[in-house]
Every structure is written in structure tokens, then in C-alpha cells.
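Chains, contacts and geometry: an overview
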Amino acid sequence: MRPAKIIEWRRTALAFAIILLLAACASTNAGESPGDAGGMEKVSEVVRLKAITMGTEPAGGMDSFYERLDALTVSDLGMTLRFDFIPWGEEKAQIGKAIATKEYDFYVGGFWSDFKQYAGRNAFVDLAPMLDLVPALADRYGDALERAKLGGKLYGIPAVGKPGAGLYGVLYREDLRKRWRLPEINNFDALEQYLYKAKTAYPDTPMINDKRFGDVLWDLLAGGRYYAIGNDYAVAPLGDPYKVMSKYETPEYEEVVRKAKQWFEDGIVARDILASQGNETTKTLALMKADKKPLEFSNHFGAVSGYYIPVLKALHPDHEFGWLDIKFDLYPDTVFLPKISADASTYISIGSHSKHPDIALKFLEKAHTEDDYYNLLYYGVEGEHYRLEGGTVSYDGIPGENRKPAWTGLGNGYMGYKAESPGEWQAIVDKLTLTEGPRLAESNGVDPYEGFRFDAYGLEDELEGLEKVRATYVLPLSAGVSGDIGEELAAARRQLKEAGLDRYLSALQSQLYVYAASRSASR
């Protein structure tokens with residue numbers, strides 16, 4: 001925390017301590033002695049909690065934000081809370097460092113970070129035995145908290161969403177597509193045409209600068225044939241979701257590797273791709289703001305809607321944007337009702353070293369169940385971080401640098417205001433989240449793995465070895481940085497086997513058979 005923030009924080013805490021002291025004194029002056037139950041002994045220390053969240057701290061309005069937050073939390077819970085912001089692109093490293101310092105009471109994480117690994121090392125409090133303290137939260141979530149458990153323990157409160165589409169996809173300039181007279185982007189071939197034309201129009205900028213793009217290529221090319229399961233080492237055919245096979249032994253994976261190599265050699269992919277961050281959101285947005293890049297090859301629809309579009313449309317109102325949603329547009333049979341699990345959700349967790357886990361959990365209850373808490377933590381201060389017009393959130397007239405990121409993991413599709421999206425983006429949001437997307441999810445029903453939890457106990461050595469092989473042998477192949485694909489893919493497969501992939505797949509298969517049998521019996 002910067003010195004200026006520390007000073008501000010101390011001033012706030014001191015101010016509230018003085019207020020409490022004066023209140024107690026007023027009670028004493030009304031005829032009570034200091035030893036009476038209503039006197040000075042009523043004054044208790046304000047608990048100071050800290051949290052991390054993802055995104056960029058707003059340039060303005062944070063004094064007002066903390067003033068309003070303190071007004072709620074000191075009165076209700078006898079606590080204050082301060083946030084430190086971690087930029088997207090540094091999440092894994094910075095979250096790990098924050099956990100190591102044991103400085104924070106609240107952490108964020110999920111399928112996009114190392115949440116499961118830290119949970120397995122008892123970095124977070126198991127909240128399951130404490131749920132009696134938060135009946136409103138337990139009632140609001142219903143069985144979702146049971147589904148969010150990992151190994152029978154609840155290591156955080158997950159974000160929840162309404163049924164709909166809009167997961168991962170490609171953001172692109174629709175006005176350029178029309179100008180370039182390219183076909184509508186609703187299949188892989190059309191997307192590839194756009195990439196190559198964009199590379200010609202923007203010769204100094206690689207169209208792909210995130211080394212995880214191989215995972216996106218897999219989804220684009222094979223997402224209609226397989227489900228991904230088992231930490232991305234295993235897949236199962238769509239027609240037989242409980243038959244396990246190695247992802248890296250499929251012919252589609254070789255197809256992905258060859259396409260990645262082609263794109264790398266043709267300059268679509270950055271030459272230094274292996275040196276890129278795990279998430280290049282910040283860099284990509286900066287390039288798009290400067291009109292030096294016409295697309296974001298992969299991101300989550302919620303992040304694009306909340307982080308990219310408002311800023312880009314404010315800077316470039318004449319730019320028209322389009323969205324290729326991988327599941328909804330390409331493989332609609334794989335759009336299911338929302339899944340809650342450590343492999344699919346984002347969590348807010350309480351650090352196991354927190355001195356006040358009970359107060360922290362009660363704060364999470366209010367954040368997820370009371371509108372004044374939720375709206376402040378999610379949107380910020382009205383008039384400084386957003387505007388409200390007829391119950392709809394608007395960012396017209398709000399400087400982009402003042403837009404406050406929501407507390408990561410707080411998202412709740414059943415709370416908050418309706419967000420207004422600029423221009424053509426509103427129709428895209430409505431289609432995916434309000435009309436066609438929800439209808440599709442309701443029609444397809446639950447994910448075939450809903451409720452399945454793979455127990456990797458006893459496979460710790462295999463998991464560690466597989467991760468090392470993936471980083472050393474698989475990542476370069478998936479990122480297109482390869483020589484002889486046949487030889488290098490064969491070497492990667494050998495190394496995976498030596499690291500214990502067969503034992504891992506066997507354990508996964510056995511557990512899936514048991515799960516499938518129990519699911520059939522319950523019907």
C-alpha cells in the first residue's frame with residue numbers, strides 16, 4: 001500500500017474512533033458513570049481488514065468510496081476494509097505473493113488462477129463450519145455453496161450468474177470487417193481471414209500476443225467434438241462424456257499445433273510469445289485504445305463488456321465492435337446452465353491467517369445480500385464511478401480512468417442494476433444474456449459433469465511432474481514455437497507418460513465411471 005493511502009486509511013480509522021469515543025462520552029454525560037454498561041466500556045476497537053482485487057484502481061472517487069463503505073461497515077460490523085488492486089496480466093504471480101505475505105484477509109481467485117493449489121495447501125479458511133453465522137448468505141445461495149466445495153470444504157464464496165451464454169470468445173472491429181468486405185465472422189475460416197487481413201492492415205502489431213492462445217485454438221477447432229476435463233490433460237467425446245482420453249493423443253491436438261505453427265511463422269503470433277504474461281489484457285487494451293490493434297483474440301465476455309467496450313467506445317465512438325462467442329456461435333450444444341465449481345468459478349476467499357474470519361464472512365454475507373453493500377462494492381460511487389439513469393447503469397460523462405472495477409468474485413447475476421452498453425454492444429449483450437443465450441442454456445440443461453469432483457489425492461507427484469512437462473514441452477508446441485512437429489509432439493507425449501499421465505487418466509476414468517453410475521441411478 002502506498003504511503004498516501006496509509007495516511008488516508010489511518011485518518012479514517014482515527015476519525016471513526018473519535019466518533020465512537022464522543023458517542024460514549026455523550027452517553028456518560030447523560031447520567032451514566034464510566035463503569036456503567038452504557039458508558040466508556042461500550043467503545044470497542046474498529047477491526048481493520050484488507051483485500052486484494054483485480055484491475056486498475058480508479059484515478060478518482062476512492063475517498064468517497066471509502067467514506068461510504070466505512071459508514072456501513074463500522075456501524076454494522078465494527079470494521080473497515082481497504083483494497084489493493086492487482087493489474088490483469090499479473091494475477092497468478094501477484095496473488096501468490098499476496099498469499100505468501102499473509103497480509104490480507106480477503107483473496108480472489110478461481111479457474112483462471114492457482115486457486116485449487118492454494119486451497120489444497122490450506123491457504124484459505126474452510127467456511128463450511130461457519131455458515132450458521134451467515135444465514136442470509138446460506139439462504140441466498142441455496143445448494144450453490146455445496147456445489148462450490150472442493151474436497152468437501154468451502155474455500156470461498158463464488159460468483160454466481162443467471163443462465164445465459166457469453167463465455168470466451170474473440171472481440172473484433174466490425175466496422176473494419178465491413179470495410180474490408182470480409183464474410184461475417186461466424187466460423188473458423190472467417191475468423192482466420194480476418195486475422196490475416198488485420199495483420200496486413202496493422203503490420204507492426206502481432207494479432208496474438210498471449211501465450212495461452214493454443215487453448216483458444218483447441219476450443220475453436222475441437223470444441224464441437226470434445227469436452228475438456230481433468231485439468232485440461234483429459235478430454236471426452238461429446239457423445240460419450242465419461243470416456244476419458246489424453247487430449248494430447250487426439251488428432252485434433254496435432255491440428256491445433258500445426259495451425260499454431262503456421263500462424264507463428266506468418267507473423268500472426270508475436271515472435272516473443274513465450275515471454276508474454278499469462279494474461280495480456282492490459283497490453284492489448286492499450287494497443288486497441290491507440291488504434292494499433294483491431295482485436296482481442298480471447299477473453300471472457302464479461303471482462304470485455306465491462307473493461308474493454310466502455311473505454312474503447314468512449315475513445316472511438318465511430319468504431320463498431322463484434323463478438324464471436326466460441327460456444328454460442330460455434331458449438332451451441334455445449335452451452336449449459338451455470339456451473340459452480342473450482343474448475344469454473346471465481347471465488348472470494350478468507351485467508352487462513354486472518355484474525356477475524358467471522359467478521360470477514362459476515363461482511364461477505366452483506367456484500368452478497370444487501371443492495372447498498374453490493375452496489376457500492378460492484379459499481380462504486382454514483383456520480384464519480386458511474387451514473388444511474390432510470391435504474392440503468394451508464395458511464396456517459398464518466399472518465400474512463402475513473403471507472404471502478406467490481407470486486408473480483410462478487411458478481412451476482414441476481415443483484416445490481418441493469419448495465420447499459422454503448423452503441424451496438426447492447427444488442428450483443430441482450431442476445432447472449434437476456435434472450436437467445438438463456439433460452440439455449442435452459443434447453444440444454446445441466447453440464448454432464450455438474451457435481452463431479454475429481455479427487456486427486458495420491459497423485460500429487462504426478463500433477464507436479466505433468467505441470468513441468470506442460471511448461472517445458474507442451475507450451476512451445478501449443479504456441480507455435482516448434483521445429484519438427486512430428487518429433488516434438490512425440491517427445492511431449494513420451495514425457496507426459498513418464499510423468500504419470502496414464503496413472504492420472506486411470507484415476508480420473510475410475511471416478512467418472514462411479515459418478516456416471518450414480519447419476520444414472522438418481523434419474
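About the thresholds
Residues numbered from 1 in each chain as written. Predicted model: local features only at pLDDT ≥ 70, side-chain atom pairs only at ≥ 80, totals over all residues. Heavy atoms only, no water. Pairing = 2+ DSSP bridges. Helix = DSSP H or I, 4+ residues; strand = E, 2+ residues; numbered from the N terminus. Buried < 20%, exposed > 50% of the residue type's maximum accessible area, 1.4 Å probe, protein only. Patch = residues over 30% accessible without salt bridge, like charges linked within 9 Å, V, L, I, M, F, W, Y side chains within 5 Å. Areas by Shrake-Rupley, 256 points an atom, 1.4 Å probe, with all protein chains shown as cover. Salt bridge = Lys/Arg side-chain N within 4 Å of Asp/Glu carboxyl O. Contact = heavy atoms within 4.5 Å. Core = buried A, V, L, I, M, F, W, Y, C linked by side-chain atoms within 4.5 Å. Axes fitted to C-alpha atoms, helices over the stretch in contact; angles between N-to-C directions. Parallel < 35°, antiparallel > 145°, perpendicular 65-115°, else oblique. Left-handed = near helix turned anticlockwise from the far one by under 90°. Nonpolar A, V, L, I, M, F, W, Y, C, P; charged D, E, K, R; others polar. Right-handed = clockwise from strand over helix to strand, strands pointing away.

1. Some details on the sheet that holds strand β6 (residues 226–229)
With antiparallel pairing, the three strands of this open sheet are ordered in space as β6-β7-β8. Each having just a single partner strand, β6 and β8 (245–246) make up the two edges of the open sheet. The sheet contact formed by strand β7 (residues 234–237) and β8 spans two bridges and is antiparallel. Of the residues in β8, the one forming a bridge with A234 is S246.

2. Observations regarding unusual backbone geometry
At K102, a residue that is not glycine, the phi angle is positive and equals roughly 55°. Here K102 lies in the loop between α3 (91–101) and β3 (106–110). Note on K102: relative accessible area 58%, which makes it exposed. Of note, the phi angle at N122 is positive, near 60°, even though the residue is not glycine. The topology assignment puts N122 in the loop between α4 (115–120) and α5 (135–141). With relative accessibility at 47%, the residue N122 sits in the partly exposed group.

3. Looking at a nonpolar patch on the surface
Together, F111, L167 and Y168 line one region of the surface with nonpolar side chains, adding up to about 240 Å² of accessible area. Looking at the secondary structure, you find Y168 in strand β5 (residues 168–173).

4. Overview of the pattern of salt bridges
When charged atoms on two side chains of opposite charge get close, those side chains can pair. On inspection of all chains with the given rule, the structure shows 23 salt bridges. Note that R212 and D210 form a salt bridge whose closest N and O atoms lie 2.8 Å from each other. Relative accessible area serves as the criterion here: at 35%, R212 is assigned to the partly exposed category. Note on D210: relative accessible area 13%, which makes it buried. With a closest N to O distance of 2.9 Å, K366 and E370 form a salt bridge. What makes K366 buried here is its relative accessible area of 15%.

5. What about the side chain of H319?
Here H319 shows up in the loop between α12 (301–315) and β10 (321–325). Those residues in contact with H319 that sit more than four places away from it in its chain are R173, D175, D291, K313 and E424.

6. Points about the nonpolar core
Counting 67 residues, the largest nonpolar core has Y194, F213, L220, W263 and F297 as the members making the most contacts within it. Apart from the residues lying within four places of it in its own chain, the contact partners of F213 are I208, A260, W263, V269, I273, F297, S478, A479 and G480. Within the second largest apolar cluster, 62 residues are counted, among which are L77, Y347, A367 and W407.

7. Section: the packing of helix α9 (residues 213–222) against helix α10 (residues 251–265)
Here α9 crosses α10 at 125°, and the two axes come no closer than 9 Å. Judged by the inter-axis angle, α9 sits oblique to α10. In this structure, α9 meets α10 at a crossing whose hand is right-handed. Contacts from F213, G214, L217, W218, L221 and A222 in α9 reach E252, Y253, E255, V256, K259, A260 and W263 in α10. Split into classes, the residues belonging to the contact of α9 with α10 amount to nine nonpolar, one polar and three charged.

8. What about the pairing of strand β2 (residues 79–86)?
In regular strands, side chains alternate between the two faces of the sheet. β2 sits mainly inside the fold: eight of its eight residues count as buried. The two faces of β2 match: M79, L81, F83 and F85 on one face and T80, R82, D84 and I86 on the other face are all buried. Pairing geometry for strand β1 (residues 47–54) and β2, over eight bridges, is parallel. Counted as the bridge partner of T53 is F85 from β2. On the question of chirality, the crossover connecting β1 to the parallel β2 by way of helix α2 (residues 62–77) is right-handed.

9. Quick word on the environment of K102
K102 sits 250 residues away from S352 along the chain, and the two C-alpha atoms are 8.6 Å apart. When residues no more than four places from it in sequence are discounted, the contact partners of K102 are Y107 and H353.

10. Looking at the sheet that holds β5
One open sheet holds the three strands; their spatial order is β9-β5-β10, and the pairing between them is antiparallel. Bordering the open sheet on either side are β9 (295–300) and β10, each of which pairs with just one other strand. The sheet shows a mean angle of 25° between the axes of neighbouring strands, direction not considered. Sheet analysis places β5 next to β10, joined by five bridges and oriented antiparallel. Opposite R173, over in β10, you have F321 as the bridge partner. Contacting β5, β9 and β10, helix α11 (residues 281–289) runs over the sheet at an angle of about 140° to β9.

The values are spatial; any link to function lies outside them.
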